[in-house]
Amino acid sequence: MNKEKPVVGFMAVGLEPYWGQFAGMREKCEHHHEIMKGKFAPELVQIEDAGIIDSEELARKAGENFAEKRVDIVFCQMLTYAASVYIAPVVRNLDVPVILLNVQYKKSLDYENVKGIGDWLGEGITCAGIPEATAVLKKLGRKYAIITGHMEGDQTVEEEMNLWCSAVRIKKILSTKNLGLFGRSYAGMMDLCVDETEIFKKFGTYIHHLDWQEIIQTGEEVEEERIVRRMEQMKDLFEVNDDISDEDLHYIAQTAEGCFELVERYSLSSCATHYEFDAPKEQRDLVAALNPAMTVLMTEGIAGAPEGDIKAALAMLILKETAGNAMTAELYSMDFNDDTCLIGHSGACDANISKEKAVLKMSGVLHGKKGKGYVAQFYPDPGPVTMLALTDGPDGNYRLVAAEGMGVKGPILELGDTNLRVKFPKPLRAFVNEWSIEGPTHHGVLAKGLHIKALRCIAAVLDIELKIITEETVE
């Protein structure tokens with residue numbers, strides 16, 4: 001997975017007059033601040049700690065420091081009641097989400113031993129400052145959210161902190177990495193069309209138009225040792241059919257290594273590929289090898305979409321970074337006997353979505369395209385799943401469309417395409433209608449697990465609408 005770390009601006013606020021009135025309170029608050037600081041996952045973020053802010057002057061200095069460090073998000077810990085002038089100067093010039101940590105020290109006060117205000121504020125907190133903070137943040141036009149809980153084994157607090165950190169990490173990947181387009185979008189699929197300047201404006205993602213010949217040339221320059229090592233890794237990834245020779249596998253590995261070189265060269269986080277032409281032989285060999293080669297890339301963290309679908313590639317990056325796995329998802333077929341939808345797609349697939357190896361074999365026909373190629377069907381396990389699509393409307397604004405469902409056992413298509421049966425928490429007829437009526441591209445993305453909660457944070461951070469088709473609980 002990509003290891004881009006966002007910078008978290010971490011601060012706490014407390015009312016300065018309390019320190020002189022209640023002995024030891026500031027020291028307790030400093031201890032509580034260190035506890036909360038320890039709840040951030042170091043593998044996810046880099047912390048820029050401003051400490052306890054208890055004056056307008058310190059707030060201005062913290063704001064200047066956070067701006068200089070280019071923080072991606074601010075977490076503000078509410079230690080005691082604190083005037084909003086301790087917060088507003090920090091975020092006035094920062095266009096980043098502000099997360100208010102309304103997290104008290106203990107799950108509940110020890111009421112019998114609370115003898116004074118110092119005992120109350122030192123052991124708990126007062127949540128009275130939260131409405132004041134949000135009122136001012138709203139006036140300032142800042143995006144904000146609240147995490148409420150306690151420090152004593154409250155896993156929800158840490159989970160929600162990590163969701164926000166992961167969301168800004170995805171935003172950072174989108175805004176600092178690029179998308180490689182090999183070929184072009186499938187001619188006539190008008191739902192796939194994009195304005196590349198709008199993509200860059202909204203997400204910061206630049207689209208590199210890359211040539212098939214560059215993959216071939218780059219692959220030919222890869223050291224033999226790397227190709228042999230990749231061949232061995234591919235045997236762990238695929239069950240290689242007898243009709244595929246070592247020479248075939250060598251070329252697929254060479255193609256994969258060439259693609260990895262281009263990922264590094266052009267700082268790519270995602271790819272979209274498509275071909276539909278009578279190519280010269282060397283390019284026919286290349287495009288035949290693309291499915292397994294791109295499977296290798298997807299399995300190792302690079303999002304990939306077929307038919308040149310840039311929006312699906314970006315949706316896959318979002319969902320794969322969230323779930324650790326993702327596959328292209330098209331509404332394949334409806335089974336009204338058991339109210340399930342078959343969902344899948346031909347081509348490359350992320351092996352992380354399946355416990356079983358895919359059988360790698362040659363197919364003389366790839367539907368909808370010219371020429372032959374390799375197919376590899378993976379088998380996702382039954383269990384909770386999330387489906388996501390990125391689309392845009394007549395106003396040019398981008399939207400996410402999402403649904404949660406349950407992968408279930410039952411017959412699937414054995415055509416060489418990864419597919420599974422999904423039951424959604426509403427009738428099949430209603431789901432297909434409501435999903436489709438939102439106008440998503442015909443390619444979605446599917447991942448194991450339930451991720452609507454994470455997608456809410458991501459949509460807020462990206463400042464785009466999220467339409468959820470299945471609000472009901474998945475059971």
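Residues numbered from 1 in each chain as written. Predicted model: local features only at pLDDT ≥ 70, side-chain atom pairs only at ≥ 80, totals over all residues. Heavy atoms only, no water.

Asker: Now, about the overall build of the protein: what can you tell me, with residues and values included?
Answerer: Scanning the protein from N- to C-terminus turns up 15 helices and 19 strands. Of all 475 residues assigned to the protein, the portion counted as buried reaches 55%. Of the contacts formed within the protein by residues at least 6 apart in sequence, a portion of 78% connects residues at least 24 apart. Carbon and sulfur atoms make up 49% of the accessible area of the protein, which amounts to about 20700 Å² in all. Between the averaged position of the 50 positive side-chain charges in the protein and that of its 74 negative side-chain charges there is a distance of 3 Å. (Helix = DSSP H or I, 4+ residues; strand = E, 2+ residues; numbered from the N terminus. Buried < 20%, exposed > 50% of the residue type's maximum accessible area, 1.4 Å probe, protein only. Contact = heavy atoms within 4.5 Å. Areas by Shrake-Rupley, 256 points an atom, 1.4 Å probe, with all protein chains shown as cover. Lys, Arg positive; Asp, Glu negative; His and termini not counted. Charge placed at Lys NZ, Arg CZ, Asp CG, Glu CD.)

Asker: Kindly report on helix H7 (residues 155–176), identifying the contributing residues and their values.
Answerer: Spanning 22 residues, H7 covers 31 Å between terminal C-alpha atoms, matching the ideal 32 Å at 1.5 Å per step. Taken together, the buried positions of H7 are Val157, Met161, Trp164, Cys165, Ala167, Val168, Arg169, Ile170, Lys172, Ile173 and Leu174. (Expected span 1.5 Å × (residues − 1).)

Asker: How would you explain the sheet that holds strand E13 (residues 358–363) if you had to name every residue and give the values?
Answerer: Sheet architecture is open: 3 strands sit in the order E8-E13-E14, paired in mixed fashion. At either margin of the open sheet sits one strand with a lone partner, and together these are strand E8 (238–240) and strand E14 (373–377). With strand direction ignored, the average angle separating the axes of adjacent strands in the sheet is 35 degrees. Bridge count for E8 against E13 is 3 bridges, and the pairing is parallel. Paired with glutamate 239 across the strands is valine 359, a residue of E13. Relative to E14, helix H12 (residues 281–299) is tilted by about 35 degrees, and along the sheet it contacts E8, E13 and E14. (Pairing = 2+ DSSP bridges. Axes fitted to C-alpha atoms, helices over the stretch in contact; angles between N-to-C directions.)

Asker: Help me get a handle on the pairing of E13, residues and values and all.
Answerer: Inspection of the sheet shows E13 paired to E14 by 5 bridges, in the antiparallel sense. When the bridges of E14 are listed, methionine 362 appears paired with tyrosine 374.

Asker: If you had to explain the environment of asparagine 102 to someone new, which residues and values would you point to?
Answerer: Topologically, asparagine 102 is positioned in strand E4 (residues 98–104). Overall, the relative accessible area of 10% leaves asparagine 102 in the buried class. With 187 residues separating them in the primary sequence, asparagine 102 and alanine 289 have C-alpha atoms 53 Å apart. Polar contacts involving the side chain of asparagine 102 include one to the side chain of threonine 148, which spans 3.1 Å. (Polar contact = N/O pair within 3.5 Å; in protein donor to acceptor, adjacent residues only side chain to side chain.)

Asker: Hey, could you go over the packing of aromatic side chains for me, with residue numbers and the actual values?
Answerer: Within a pair of aromatic rings, the relevant descriptors are the distance that separates the centres and the angle that separates the planes. Per the stated rule, a full pass over the model turns up 8 aromatic pairs. Note on tyrosine 18 and phenylalanine 22: the rings are 5.9 Å apart at their centroids and 55 degrees apart in plane angle, and the pair reads as tilted. Each member of the pair, tyrosine 18 together with phenylalanine 22, is buried. Residues phenylalanine 40 and phenylalanine 75 carry aromatic rings whose centres are separated by 5.0 Å and whose planes lie at 80 degrees to one another, so their mutual orientation is edge-to-face. With phenylalanine 40 in the loop between helix H2 (25–37) and strand E2 (46–53) and phenylalanine 75 in strand E3 (residues 73–78), this residue pair connects regions lying 35 residues apart in the sequence. Members of the aromatic cluster, each reached through a chain of ring pairs, are Phe10, Phe40 and Phe75. (Phe/Tyr/Trp six-rings, centres within 6.5 Å; stacked < 30°, edge-to-face > 60°.)

Asker: For the pairing of strand E18 (residues 444–448), give the residues involved together with the corresponding values.
Answerer: Most of E18 sits inside the fold, with 4 of its 5 residues counted as buried. Pairing analysis gives 3 bridges linking strand E11 (residues 327–335) to E18, with the strands arranged antiparallel. Pairing of methionine 327 across the sheet is with leucine 446, part of E18. Here strand E15 (residues 383–392) runs beside E18; their pairing, made up of 4 bridges, is antiparallel.

Asker: Could you give me a rundown of the sheet that holds strand E1 (residues 7–13), with the residues and numbers involved?
Answerer: The parallel open sheet is built from 5 strands, whose spatial order is E2-E1-E3-E4-E5. Both edges of this open sheet fall to E2 and strand E5 (144–150), since each of them pairs with a single strand only. Going across the sheet, the axis of each strand differs from the next one's by a mean of 20 degrees, ignoring polarity. In the packing of H7 onto the sheet, the strands contacted are E1, E3, E4 and E5, and the crossing angle to E5 comes to about 150 degrees.

Asker: Can you break down the nonpolar core residue by residue, with the values?
Answerer: Within the largest apolar cluster, 120 residues are counted, with the highest numbers of intra-cluster contacts made by Phe75, Trp164, Phe203 and Ile318. Of all the elements, H12 adds the most residues to this core, at 10 residues. Once residues within four sequence positions are removed from consideration, isoleucine 318 is found in contact with Ile170, Leu174, Leu388, Leu400, Leu455, Ile458 and Leu462. Val13, Ala62, Leu79 and Ala82 belong to the second largest nonpolar core, which has 32 residues in total. (Core = buried A, V, L, I, M, F, W, Y, C linked by side-chain atoms within 4.5 Å.)

Asker: Hey, could you go over unusual backbone geometry for me, with residue numbers and the actual values?
Answerer: Notably, arginine 70 is not glycine yet its phi reads approximately 55 degrees, a positive angle. Within the secondary structure, arginine 70 sits in the loop between helix H3 (56–69) and E3. Unlike most non-glycine residues, aspartate 339 shows phi in positive territory, near 60 degrees. Inspection of the secondary structure puts aspartate 339 in the loop between E11 and strand E12 (340–345). Classification of aspartate 339 as partly exposed rests on a relative accessible area of 27%.

Asker: Mind laying out the pattern of salt bridges, listing which residues take part and the relevant values?
Answerer: What the rule picks out here adds up to 24 salt bridges. Ionic pairing is found between lysine 311 and aspartate 392, a salt bridge with its closest N-O pair at 3.1 Å. Here aspartate 392 lies in strand E15 and lysine 311 lies in helix H13 (residues 310–323), a separation of 81 residues in the sequence. By relative accessible area, which is 25% here, aspartate 392 ends up partly exposed. Measuring nitrogen to oxygen at the nearest pair gives 3.0 Å for the salt bridge that ties glutamate 438 to arginine 399. You can see glutamate 438 sitting in the loop between helix H14 (428–437) and E18 and its partner arginine 399 sitting in strand E16 (residues 398–408), a full 39 residues away along the chain. (Salt bridge = Lys/Arg side-chain N within 4 Å of Asp/Glu carboxyl O.)

Asker: Account for helix H9 (residues 212–220), with residues named and values stated.
Answerer: Because an α-helix packs 3.6 residues into every turn, residues spaced three or four apart end up facing the same way. Of the residues making up H9, those classed as buried are Trp212, Glu214, Ile215, Ile216, Thr218 and Gly219. Where H9 is buried, its residues contact strand E6 (178–183), strand E7 (206–210), helix H10 (224–237), helix H11 (246–265), strand E9 (268–274) and H12. The N-cap of H9, judged by a side-chain oxygen 2.8 Å from the amide nitrogen of glutamine 213 a few residues on, is aspartate 211.

Asker: Summarise the environment of glutamate 56; cite the residues concerned and give the values.
Answerer: Position of glutamate 56 among the secondary structure elements: in helix H3. Sequence separation between glutamate 56 and valine 85 is 29 residues; the distance between their C-alpha atoms is 5.8 Å. Those residues in contact with glutamate 56, other than ones at most four positions away along the chain, are Val85, Tyr86 and Pro89. A distance of 2.3 Å separates polar atoms of two side chains, one belonging to glutamate 56 and the other to arginine 60.

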